[in-house]
Amino acid sequence: MPLVRSHYPFSAIVGCDAGELDDLGLSLVLTGISPAIGGVLVRGEKGTAKSTAARALAALLPPVDVHPEDRFSTDPADPDDASPDGPFAAGAPVESRPVRLVELPVGATEDRVLGSLHLEKALAHGKVAYEPGLLARAHRGILYADEVNLLPDHLVDLLLDAAATGRVTVERDGFSVEHAARFLLIGTMNPEEGELRPQLLDRFGLTVEVAAPRDPAPRAEVVRRRMAYDADPAGFAARHRPAEDALAARVAAARERLGRVLLPDTALTKIAEICAAFDVDGLRADIVTARTAVAHAAWAGRTTVTRADIRRAARLALPHRRRRNPFDAPGLDEELLDRILGDDELPPDPPPSQPPADDGPDGSGDEGPGEDGPGEDAPDPRDPGETGGGAEGGQAPDGATPEAPVPAAGPHDAPDADADRLPASPPARGTAQDTTVKATAPYRPRLFTVRGTGEGTDGRRSRALGSRGRRVGVTRPGQDAGGSLHLVETVRAAAARTRTGRADGPLRLRGEDLRTAVREGREANLILFCVDASGSMAARKRMSQVKTAVLSLLLDAYRRRDKVGLITFRGQAAELSLPPTHSVDIAAARLDDLPAGGRTPLAEGLLEAARVVARERRRHPRLRPLLVVVTDGRATGGKDAVARSLRAADQVASLGVSTVVVDSESGPLRLGLAAGLAARLHADHLPVREVSADALSTAVRERAA
């Protein structure tokens, strides 16, 4: 099979050898064998061959037959796969071509994804014609989305619709087109940059966590192969051609065997038991696990699904479906999985010629202890080998937590897992006794927005001019890069230019006549938290209130696709505990482990916030910041602490950044210092107890009464 020269060979990736595939290689191969699994989401840190493996998969898949004139790659052998370019005659030529790998850029427009009016034909010839988009090109191929977690919401909605229906309907600009869009969806992401919307996360059949090896030997081998490829890509590919061809032949053989693989009722019942025990939502997990187990059996050369197939399938299909909220770490309790599977191979289904035996599996399935099978005294001789295969898969995916999936299982495990994944922030110097208090359950907070109208990326917080939303005007191309062509205003501009009093003659369009729509929608923002962690906050109830309020705002930022950062100040200094990132999970983990104690260096906290805001404005001019200062307003750290804090507040105010001061002061005796700080910052001020949207509603109702 020919290699895609621009891509690194799949078989040359360390861990993707045909004889011993790691989780990354296996998940991609299994979805190539059975596209009905629903695609793969690859999560991992930077530089772990996520994109390399995804791009290399196309060379392993069998070629597809298409009509040369068909822009939609429909299957000539499938009468139900109709093309808008058809119909084609019975004897129309058919050619075989490699599977396409179509990449979905993060900044793609809706017109580019769905397709749009063919402007050249419309303007030059006056014909209304449809230009297919990326989803049409990806039909019967691979749609690859790098940094899929950073896709704008409108692109995520398009993917969800296409993945759910397998079709795309476009009705706009004077035409109506419907075409098939069945593709293998592969997404890669770095969790540090933010999580994926739950709706799209569930659409991925499999997920795998990848991390760089800590053993020097495989690390050295990765570097050795990469340098050899960079020095001579063609020669490197030629040396790996035999392994690549063998891997492609095995994939093709597994595809051919797939329809003959038997999924016994006992195996299906076991899959249902596993999904129920892990408390996953819906039934998609059961379906995907069953399809993956069948594909794994076909890959292994078997015609019957075994215990090892189910185990490997569950490890790939279930981790991302256990999450209950954005702060839950994906993972799977493999000890629980092994307990459910048991040590014995699955018993075969009874022969259909014995009706009384039909009640046997149902009865044993209803009785929990019966699944261990001491009465089914017929162990499969392949069990030791299959157990060994399960042991091979026993290495937990990087980032997996050992906590059980049931709510009552050890909550003390979660901080340990977070600590392994994320080093705790070092304590500030000059502190005395430090206390660490956990947040309580988050609530729905009030909506805080940035003043004015921005031009940032699509989101759900502040007003902005962008590519989506209601139309509020028109402009010339180039003045608003995100605008779509406004045909009516374009024709009107051309008519005004060519008005000569004649009632006949064609309308001549020029580039200067083009107009694009200006739309007002919502944008994402940078939410920068500046949290007082000094001794005045160390009272257990007060710190718990503060952490719960910040945690609730973090969850709100996740839902609104915001970027978040965290500054903490205590002792003698302020610290940027978390640089601005899309990963709300990491911010929540840092907040959870935040200790309190020492003096209050309020000036240092505000100055650090000013530095971060100024730096982020230079890096991302369109990303407007919202500063949330959580403090009681006291300033006790350093010399002239109060005076320096006022000067720092003036400096922050001079930046013109929208600011909210959350007043953490409580008790019967209150100094009101946070309110004075808010006035100095030209910021909104509210007590911490009023961060909740329910508290605001209650206050409004009380005033109305």
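In case you missed it, the structure is sitting above this.
Remember, it's a predicted structure, so these values are computed and weren't measured experimentally.

**Student:** Describe the overall build of the chain, and please don't skip the residues or the numbers.
**Tutor:** From N to C terminus, the chain includes 24 helices and 24 strands. Summarising the internal contacts of the chain: among those between residues at least 6 apart in sequence, 80% fall at separations of at least 24. Total accessible area on the chain stands at roughly 33100 Å², and carbon and sulfur atoms take up 52% of it.

**Student:** Tell me about the packing of aromatic side chains, residues and numbers included.
**Tutor:** Counting across every chain of the model gives three aromatic pairs. Considering the side-chain rings of Y8 and F236, the 5.2 Å spacing of their centres and the 40 degrees angle between planes classify their relative orientation as tilted. Of the two residues, Y8 sits in the segment before strand 1 (16-17) while F236 sits in helix 9 (residues 233-239), which places them 228 residues apart along the sequence. Each of the two residues, Y8 as well as F236, counts as buried. When the centroid spacing of 5.6 Å and the interplanar angle of 80 degrees are considered together, the rings of Y229 and F236 count as edge-to-face. By the burial criterion, Y229 is buried, and F236 matches it. Three or more aromatic residues link up through ring pairs in this structure, and these residues are Y8, Y229 and F236.

**Student:** Report on helix 12 (residues 284-299), specifying residues and quantitative values.
**Tutor:** End to end, helix 12 covers 22 Å across 16 residues, agreeing with the expected 22 Å (1.5 Å per residue, within 8%). Phi turns positive one or two residues past the end of helix 12, at G301, with a value near 85 degrees.

**Student:** Give me the packing of helix 11 (residues 265-277) against helix 12: which residues, what numbers.
**Tutor:** Two numbers describe how helix 11 lies on helix 12: the axes approach to 9 Å, and their chain directions differ by 135 degrees. Overall, the two elements helix 11 and helix 12 adopt an arrangement that is oblique. At the point where helix 11 passes helix 12, the crossing takes the right-handed sense. For the pair helix 11 and helix 12, the contacting residues are L268, I271, A272 and C275 in the first and A285, D286, T289 and A290 in the second. When its residues are assigned to classes, the contact of helix 11 with helix 12 shows six nonpolar, one polar and one charged.

**Student:** Residues and numbers for the nonpolar core, please.
**Tutor:** Core analysis: the biggest nonpolar cluster contains 68 residues, and F10, I142, I274, F278, W299, I310 and L318 have the highest contact counts within it. Here this core takes nine residues from helix 12, the largest share from any one element. Excluding residues that lie within four positions of it along the chain, I142 makes contacts with L57, A58, L61, V99, R100, L101, V102, L184 and I186. The next biggest cluster of nonpolar side chains, apart from the first, holds 36 residues, and it includes F448, L555, L591 and V662.

Conventions and cut-offs
Going along each chain's sequence as written, the residues are numbered from 1 onward. In keeping with the predicted nature of the model, local features appear solely for residues at pLDDT of at least 70, side-chain atom pairs appear and are counted solely at 80 or more, and the whole-chain, interface and lining totals rest on all residues. Heavy atoms from the whole structure form the basis of all side-chain values; hydrogens and water molecules are not counted. Per the convention used, a helix needs a DSSP run of H or I reaching at least four residues, while a strand needs a run of E reaching at least two, with both numbered from the N terminus. Any pair of residues with heavy atoms lying within 4.5 Å of one another is described as a contacting pair. With residues, only the protein chains shown are counted as cover, and all accessible areas are computed by Shrake-Rupley using a 1.4 Å probe. Stacked, tilted and edge-to-face are the three classes assigned to paired rings of Phe, Tyr and Trp, where Trp is represented by its six-membered ring and a pair needs centres within 6.5 Å; plane angles under 30 degrees give stacked, over 60 edge-to-face, the rest tilted. Partly exposed residues are those whose accessible area sits between 20% and 50% of the maximum for their type, while under 20% is buried and over 50% is exposed, using a 1.4 Å probe and protein chains only. Given the number of residues in a helix, its expected span is that number minus one, multiplied by 1.5 Å. Each axis is a line fitted through C-alpha atoms, and for a helix only the stretch in contact is used; angles between axes span 0 to 180 degrees, taken between their N-to-C directions. Any angle that is under 35 degrees is reported as roughly parallel, and any over 145 degrees as roughly antiparallel; angles of 65 to 115 degrees are reported as roughly perpendicular and all others as oblique. Two helices cross in a left-handed way if the nearer one is turned anticlockwise from the farther one by less than a right angle. They cross in a right-handed way if the turn is clockwise. Under the scheme applied here, ten amino acids are nonpolar (Ala, Val, Leu, Ile, Met, Phe, Trp, Tyr, Cys and Pro), four are charged (Asp, Glu, Lys and Arg), and all others, including Gly, are polar. Only buried residues count toward a nonpolar core. Its members are Ala, Val, Leu, Ile, Met, Phe, Trp, Tyr and Cys residues joined through side-chain atoms within 4.5 Å.

Keep in mind these values describe shape, not function.
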